[in-house]
2 protein chains.
Amino acid sequence: MAFSITILGSSAATPTSRRNPSSILVNMDYTYFLMDCGEGTQIQMRKSKIKLQRIRHIFISHLHGDHFFGLVGLISTFHLLGRTEELHVYAPRGLQDIIQLQLMASQTQLIYPLIFHDTNPDQPEILYETDEHLVKSFPLDHRIETTGFLFAEKQKPRKLKKSFLFYDVEITVEDILKIKAGADFVSDTGRIFKNADITEDPPQPLSFAYCSDTRYFEPVIQYINKVNLLYHEATFMEDMKSVAQEKYHSTALEAATIAKKANAGMLILGHFSARYKELDQLLAEAQSIFKNTQLATDGLTIDLGTNEKTR
Amino acid sequence: MAFSITILGSSAATPTSRRNPSSILVNMDYTYFLMDCGEGTQIQMRKSKIKLQRIRHIFISHLHGDHFFGLVGLISTFHLLGRTEELHVYAPRGLQDIIQLQLMASQTQLIYPLIFHDTNPDQPEILYETDEHLVKSFPLDHRIETTGFLFAEKQKPRKLKKSFLFYDVEITVEDILKIKAGADFVSDTGRIFKNADITEDPPQPLSFAYCSDTRYFEPVIQYINKVNLLYHEATFMEDMKSVAQEKYHSTALEAATIAKKANAGMLILGHFSARYKELDQLLAEAQSIFKNTQLATDGLTIDLGTNEKTR
């Protein structure tokens, strides 16, 4: 089991020498999902030794360049590396034309299926779903149509207690699935095992939400309630609150307020304006409202299960 | 006076962890020219502490992604940094539509003039010319329409000998210009100073040529004859000569042959296939034909006047 995120870019608008434009890799049980894809994302992945071809689904929040200018290069690289698996791209309408025009200019006929899905800027939608996981989009409040994304494990079945497995009873796979779903068990001899006695609660499902780019926008709280980890943009600090408002961005304090109201477990701030050379004050501003806050840095990996951080 | 180049990317097709896709910055007397602009070029310039806004002219050899995917990000960054000066882009027809479509998607109205010039894939053309410098394009032989570029200083006027300046003669600015152009000088007293006695030869004009991407293509020799520095692609080695031919690329030996036949002063090899982890053999192959050969590395600067190399 794995559920981790790796920050590939944490700068706003223009890259700096230390921060690339927006991108995050999400690893849910070794299926890789990419979220936003600013210029240089594929190079960041190479530096982090991430296996590019594991990416099956790419989610683009909106069509500002710092969130998608790296996509066409990644799509081309998949082609040059001989990819055969489908690649699904979920993005606002318009991105497909941008990619196709560039592939046409180089007379490139992709050797793998590239499938675009338009996201809905007006209401939440499930974009991806399996028995174990789902990915949802939800509206944000930005200058152009923008969505956030929620990555969530589904509720897991109940776990059989080890002690039960030592009883001398005949049991089928079907019985086990029923018990995991909450049923009592009756043995061949008629002995009744109460579900509560032979099972224990499964681990809580984990979840991660991404809110970039957006103004302070309380309607998101319902979609990200109790996420283990929230990535929220904090382009500015409170002393530039009016600029943030005008440019449809958030301050660190606003990001922290959203994290607090959503009962998030942990907050990662990102999408920093290049004007801030040091971010200590920006972090302190958020921590005054929401203690468990951290600054995004390019290359940082956070494991949602263990809260372990690696670079 | 300055004439230097800085390698910003030297990989073919896909970036590696150490090499970005193609781009070279040319500095002629502190006017900056960018040649090709693969993904991540603006980030490479930031790392090399290059003043982005000094770039006035960008030349794109062809519309394969590894030569232009970084352009739209650079254009956006100029906008976000408040540029007001014109930016001229010389490229094959089609690039303007690609850039405009992406700016439209983000509802960006550039605040500076962006002017596109179509290059001619069939014959050489002067793209840029001042009293001191010129930039020419010339055809290469690649899978899609591609041009190389020549950056050249013009012949400088003759230099007045210091000894002449100590003579006690009345002389006007107009007289000096005539002498520099080759005229003798006659003083008020009727004394004749022969031009050969009072002037010396000016420094030889410097030149730099860029040939990427191309098959081995002898017609280029006429356009790059006696360049001080030639950058030629060497995607493959001789053992893959047939692959090079098929993919419209060159081997290291072919690049060296062009340098030798063009009487180049120095050869820089670049655009290496990602298959080569070590390039010693590729370099040796070229040096067997043309001794003064060097491998491009990202961040390398070469001063054409002094042949000094810095990183």
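A brief structural summary. (Residues numbered from 1 in each chain as written. Chains lettered and ligands numbered in written order. Predicted model: local features only at pLDDT ≥ 70, side-chain atom pairs only at ≥ 80, totals over all residues. Heavy atoms only, no water.)

### Quick notes on the environment of His 133 of chain A
Residues and elements named next belong to chain A.
Logical step 1: Relative to the assigned elements, His 133 resides in strand β8 (residues 133–139).
Logical step 2: Owing to a relative accessible area of 6%, His 133 belongs among the buried residues under this scheme.
Logical step 3: When the C-alpha positions of His 133 and Glu 153 are compared, they lie 4.5 Å apart, and in sequence the two are 20 residues distant.
Logical step 4: A polar contact of 3.3 Å, which involves the side chain of His 133, links it to the side chain of Asp 29. (Helix = DSSP H or I, 4+ residues; strand = E, 2+ residues; numbered from the N terminus. Buried < 20%, exposed > 50% of the residue type's maximum accessible area, 1.4 Å probe, protein only. Polar contact = N/O pair within 3.5 Å; in protein donor to acceptor, adjacent residues only side chain to side chain.)

### Some details on the sheet that holds strand β16 (residues 266–270) of chain A
All names here are of chain A.
Logical step 1: Spatial strand order, β7-β8-β9-β14-β15-β16-β17: 7 strands in an open sheet with mixed pairing. Of all strands in the sheet, those with a lone pairing partner are β7 (125–129) and β17 (293–295), marking the two edges. Adjacent strand axes in the sheet meet at a mean angle of 20°, parallel and antiparallel pairs treated alike.
Logical step 2: Bridge count for β8 against strand β9 (residues 147–153) is 7 bridges, and the pairing is antiparallel. Paired with His 133 across the bridge in β9 is Glu 153.
Logical step 3: Of the strands in this sheet, β16 and β17 are in contact with helix α9 (residues 280–287), which crosses β17 at around 160°. (Pairing = 2+ DSSP bridges. Axes fitted to C-alpha atoms, helices over the stretch in contact; angles between N-to-C directions. Contact = heavy atoms within 4.5 Å.)

### Observations concerning the interface of chain B and chain A
Many descriptions give the size of an interface as the accessible area lost when the pieces come together.
Logical step 1: Contacts between the two partners involve 33 residues from chain B, matched on the other side by 33 residues from chain A.
Logical step 2: Carbon and sulfur atoms make up 64% of the area that chain B and chain A hide from each other, which totals about 2800 Å².
Logical step 3: Of all residues in chain B, Glu 39, Ile 43 and Phe 69 of chain B bury the most surface against chain A, accounting for 22% of the area lost on that side.
Logical step 4: One can count 0 salt bridges joining chain B with chain A.
Logical step 5: Of all the secondary-structure elements, those providing two or more residues to the side of chain B that touches chain A are α1 (41–47), α2 (71–80) and α3 (95–105) of chain B.
Logical step 6: Its residues assigned to classes, the side of chain B that touches chain A shows 12 nonpolar, 16 polar and 5 charged. (Buried area = accessible area lost by both parts, 1.4 Å probe. Salt bridge = Lys/Arg side-chain N within 4 Å of Asp/Glu carboxyl O. Nonpolar A, V, L, I, M, F, W, Y, C, P; charged D, E, K, R; others polar.)

### What to know about the side chain of Thr 146 of chain A
All names here are of chain A.
Logical step 1: Relative to the elements of secondary structure, Thr 146 occurs in the loop between β8 and β9.
Logical step 2: Judged by its relative accessible area of 2%, Thr 146 falls in the buried class.
Logical step 3: In contact with Thr 146, not counting residues within four places along its chain, are Ser 61, His 62, Phe 138, Pro 139, Leu 140, Ser 212 and Asp 213.

### Regarding the sheet that holds strand β4 (residues 55–59) of chain B
All names here are of chain B.
Logical step 1: As summarised here, the arrangement of the 8 strands in space is β6-β5-β4-β3-β2-β1-β18-β19, forming an open sheet in which the pairing is mixed. This sheet does not close on itself; its edge strands, each paired only once, are β6 (114–118) and β19 (309–310).
Logical step 2: As judged from the 5 bridges shared by strand β5 (residues 87–91) and β6, these two strands associate in the parallel manner. From the neighbouring strand, His 88 faces β6, where its bridge partner is Ile 115.
Logical step 3: Across the sheet, α3 is in contact with β5 and β6; its angle to β6 comes to roughly 155°.

### Description of the relation of the copies chain B and chain A
Between the two copies of the chain lies a relationship made up of a rotation around an axis and a movement along it.
Logical step 1: Here chain B sits on chain A after a turn of 180° about the axis and a move of 0.0 Å along it, with an RMSD of 0.1 Å. Both copies are brought into coincidence by an operation consistent with a two-fold rotation axis. Distance from the rotation axis, computed per C-alpha, reaches its smallest value in chain B at Gly 40 of chain B: 2.5 Å.
Logical step 2: Residue by residue, 100% of the interface of chain B is reproduced at the interface of chain A, so both copies engage with the same surface. (Least-squares fit on C-alpha atoms with pLDDT ≥ 70 in both.)

### Considerations on the pairing of strand β2 (residues 23–28) of chain B
Consecutive side chains of a regular strand alternate in pointing toward one face of the sheet and then the other.
Residues and elements named next belong to chain B.
Logical step 1: Judged by how many residues are buried, β2 sits mostly within the fold: 6 of 6 residues are covered.
Logical step 2: Burial along β2 is two-sided: the residues Ser 23, Leu 25 and Asn 27 and Ile 24, Val 26 and Met 28 are all buried.
Logical step 3: The pairing of β2 with strand β3 (residues 31–35) spans 5 bridges and is classified as antiparallel. Within β3, the residue paired with Ile 24 across the bridge is Met 35.
Logical step 4: Hairpin geometry of β2 and β3 is characterised by an intervening segment of 2 residues between the two adjacent antiparallel strands and by a positive phi of about 50° at Asp 29.

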